[in-house]
Amino acid sequence: MIIVTGATGALNGATVDQLLKRVPPHHIGVSVRDPARAQHLADRGVRVRQASYDDPEALRRSFADADQVLLVSSSDQSSDVVAQHDRAIDAAVDAGAHRILYTSAHGTAFDTPYPPLRIHAATEQHLAESGVAWTALRNGFYGDPSQLLGAWQETGVIAMPADGPFSWVDRRDAAEAAAAILTADTPLDGPVDLTLPEPVTLADFAASASEITGRKIERVVVDDETWVRDAMNNGIPEEVARFTLSMFQATRSGHFANSDPTLTRLLGRRPRSITDQLRERIADGQVSDPPR
């Protein structure tokens with residue numbers, strides 16, 4: 001059985017949808033905080049059990065009979081996220097899972113200016129020490145591009161700090177790749193980079209936006225401290241602004257510059273490009289939640 005945590009969220013919810021195209025529903029289980037939100041899965045024959053990363057006993061019950069467990073990274077900023085991940089890994093081991101998969105991030109390392117990557121690195125280290133086969137799905141950034149690009153539709157300018165190359169993947173592609181890995185005949189061990197075939201920059205986003213809208217969208221580099229000050233003047237808390245700034249700093253120090261063909265191979269096609277993603281969001285009128 002494949003057990004998926006966070007199945008009422010956007011990423012792993014999409015992964016369960018992809019799994020249902022590949023395996024019978026009774027081969028899938030989900031571990032969720034609120035089973036009522038997973039009723040649509042129960043109605044399709046998926047096993048639904050309640051648990052949270054703060055309740056090891058409930059986790060072990062929800063992971064019972066698991067061959068593989070897919071753990072979504074915690075977004076609970078009020079908690080010790082590394083400890084939450086460790087508890088989930090230990091519960092999967094105790095439940096007898098043969099493989100643990102984890103939604104990590106491209107560029108994961110301890111020596112990085114972007115704090116989430118250090119959390120992922122610590123979690124991958126615990127996985128490596130667990131004694132169980134493991135796979136880290138190192139996804140490129142994903143989400144709504146609005147926070148990344150700012151108010152470019154109103155201003156005609158992408159005015160952000162200096163950046164460097166990175167991967168911005170479509171969440172649906174990340175979910176499809178996860179399902180492909182979970183159901184593959186040959187497992188993928190250790191870290192697996194899931195990126196665009198070639199990294200992009202904010203200048204590439206400006207070029208794509210220009211192509212789609214038919215108007216010139218400029219890329220303007222803003223000094224770090226000026227950008228933080230402007231963000232604070234617009235009501236963004238300083239710690240949030242500096243957290244976002246650290247992402248730009250990590251891109252320009254090369255933490256996300258590498259690309260890998262694995263995502264393309266798993267999908268059997270090229271991943272959705274940034275032009276594809278922007279065009280779809282503009283068409284849907286959705287051009288606003290933070291990147292992961």
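Here the structure is a predicted model, which means the values were calculated and not measured. (Residues numbered from 1 in each chain as written. Predicted model: local features only at pLDDT ≥ 70, side-chain atom pairs only at ≥ 80, totals over all residues. Heavy atoms only, no water.)

Asker: Sorry if this is basic, but what is going on with the overall build of the protein chain here?
Answerer: Within the protein chain one finds 13 helices and 9 strands. In terms of overall size, the protein chain behaves like a compact globule, its C-alpha atoms giving a radius of gyration of 19 Å where 292 residues would be expected to give roughly 19 Å. For the C-alpha atoms alone, the extent of the protein chain along its principal axes is close to 55 × 35 × 35 Å. Within the protein chain, the proportion of its 292 residues that are buried is 51%. Of the side chains in the protein chain, 28 bear a positive and 40 a negative charge, and the two mean positions are spaced by 4 Å. (Helix = DSSP H or I, 4+ residues; strand = E, 2+ residues; numbered from the N terminus. Rg over C-alpha atoms; globule rule 2.2 N^0.38 Å. Buried < 20%, exposed > 50% of the residue type's maximum accessible area, 1.4 Å probe, protein only. Lys, Arg positive; Asp, Glu negative; His and termini not counted. Charge placed at Lys NZ, Arg CZ, Asp CG, Glu CD.)

Asker: Sorry if this is basic, but what is going on with the nonpolar core here?
Answerer: Note that soluble globular proteins tend to have their nonpolar side chains buried in a common cluster. Counting residues in each nonpolar core, the largest one holds 63 residues, and the members touching the most others are Leu148, Ile158, Phe166, Leu202 and Phe205. Here the element with the most residues in this core is helix H8 (residues 171-182); it accounts for 8 residues. Setting aside anything within four residues of it in sequence, one finds Ile158 in contact with Leu149, Trp152, Leu202, Phe205, Ala206, Ile217, Glu218, Arg219 and Val220. Core analysis: the next-biggest nonpolar cluster, separate from the first, contains 21 residues, Ala58, Leu71, Ile100 and Leu127 among them. (Core = buried A, V, L, I, M, F, W, Y, C linked by side-chain atoms within 4.5 Å. Contact = heavy atoms within 4.5 Å.)

Asker: Before we go on, may I ask you to explain the sheet that holds strand E6 (residues 133-139) in this structure?
Answerer: Read across the sheet, 7 strands follow the order E3-E2-E1-E4-E5-E6-E8 without closing on themselves; strand pairing throughout is parallel. The open sheet has two edge strands with one neighbour each: strand E3 (47-50) and strand E8 (190-194). Each adjacent strand pair in this sheet contributes to an overall mean axis angle of 20°, direction not counted. Packing of helix H4 (residues 81-94) onto the sheet brings it into contact with strand E4 (68-71) and strand E5 (99-105), and relative to E5 it is tilted by some 160°. Across the sheet, H8 touches strand E1 (2-5), E4, E5, E6 and E8, and the angle it forms with E6 is around 165°. (Pairing = 2+ DSSP bridges. Axes fitted to C-alpha atoms, helices over the stretch in contact; angles between N-to-C directions.)

Asker: Just checking my understanding: could you explain the side chain of Thr123 for this structure?
Answerer: Mapping Thr123 onto the fold places it in helix H5 (residues 115-128). Looking at Thr123, the relative accessible area reads 0%, which means it is buried. Looking at Thr123, its side chain comes within polar contact range of the side chain of His85, at 2.8 Å. Contact partners of Thr123, with chain neighbours within four places excluded, come to His85, Ile89 and Tyr102. (Polar contact = N/O pair within 3.5 Å; in protein donor to acceptor, adjacent residues only side chain to side chain.)

Asker: Is there a simple way to think about the pairing of E6 in this case?
Answerer: Consecutive side chains along a regular strand alternate between the two faces of the sheet. Summarising burial for E6: 6 of the 7 residues are buried, a large majority. What joins E5 to E6 is H5, and the crossover it makes is right-handed. Pairing analysis gives 5 bridges linking E6 to E8, with the strands arranged parallel. Its bridge partner being in E8, Thr135 is matched across the sheet by Gly190. (Right-handed = clockwise from strand over helix to strand, strands pointing away.)

Asker: I tried to follow the packing of aromatic side chains on my own but got confused; where do I start?
Answerer: Two descriptors summarise a pair of aromatic rings, namely the distance from one centre to the other and the angle between the planes of the rings. The full count for this structure, using the stated rule, is 8 aromatic pairs. With a centroid separation of 6.4 Å and 25° between ring planes, the pair formed by Phe141 and Trp168 is classed as stacked. One end of the pair, Phe141, is in the loop between E6 and helix H6 (146-149); the other, Trp168, is in the loop between strand E7 (157-160) and H8, with 27 residues separating them in the sequence. Across the pair, Trp168 and Phe141 agree in class, each one buried. (Phe/Tyr/Trp six-rings, centres within 6.5 Å; stacked < 30°, edge-to-face > 60°.)

Asker: Which parts of the structure should I look at to understand the pairing of E4?
Answerer: Judged by which residues are buried, E4 turns out to be covered on both faces: Gln68 and Leu70 on one side and Val69 and Leu71 on the other are all buried. Where E4 lies against E5, 4 bridges are found, and the strand directions are parallel. Residue pairing across strands places Gln68 opposite Arg99, the latter belonging to E5.

Asker: In this structure, what is going on with the pattern of salt bridges? I would like to understand it.
Answerer: Close approach of charged atoms allows side chains of opposite charge to pair. For the coordinates displayed, the defined rule picks out 18 salt bridges. For Glu124, the salt bridge is made with Arg138, and the minimal N-O distance between the two is 2.7 Å. Here Arg138 lies in strand E6 and Glu124 lies in helix H5, a separation of 14 residues in the sequence. With relative accessibility at 6%, the residue Glu124 sits in the buried group. Given a relative accessible area of 17%, Arg138 falls into the buried group. Here Arg272 ties to Asp173 by a salt bridge, and the two come within 2.5 Å at their closest N and O atoms. Within this pair, whereas Arg272 is found in the loop between helix H12 (262-267) and helix H13 (274-284), its partner Asp173 is found in helix H8, the two being separated by 99 residues in sequence. Through salt bridges with shared partners, a single network forms among Asp173, Glu176, Arg269 and Arg272. (Salt bridge = Lys/Arg side-chain N within 4 Å of Asp/Glu carboxyl O.)

Asker: In this structure, what is going on with the packing of helix H1 (residues 10-19) against H8? I would like to understand it.
Answerer: Packed helices, taken two at a time, are described by their axes: the angle between them and the distance between them. Direction vectors running N to C along H1 and H8 enclose 50°, while the axes themselves pass 8 Å from each other. Taken together, the axis directions place H1 and H8 in an arrangement best described as oblique. In this structure, the crossing between H1 and H8 has a hand that is right-handed. Of the residues in H8, those in contact with Ala10, Leu11, Ala14, Thr15, Gln18 and Leu19 of H1 are Arg171, Ala174, Ala175, Glu176, Ala178, Ala179 and Leu182. Counted by class, the contact of H1 with H8 contains 9 nonpolar, 2 polar and 2 charged residues. (Parallel < 35°, antiparallel > 145°, perpendicular 65-115°, else oblique. Left-handed = near helix turned anticlockwise from the far one by under 90°. Nonpolar A, V, L, I, M, F, W, Y, C, P; charged D, E, K, R; others polar.)

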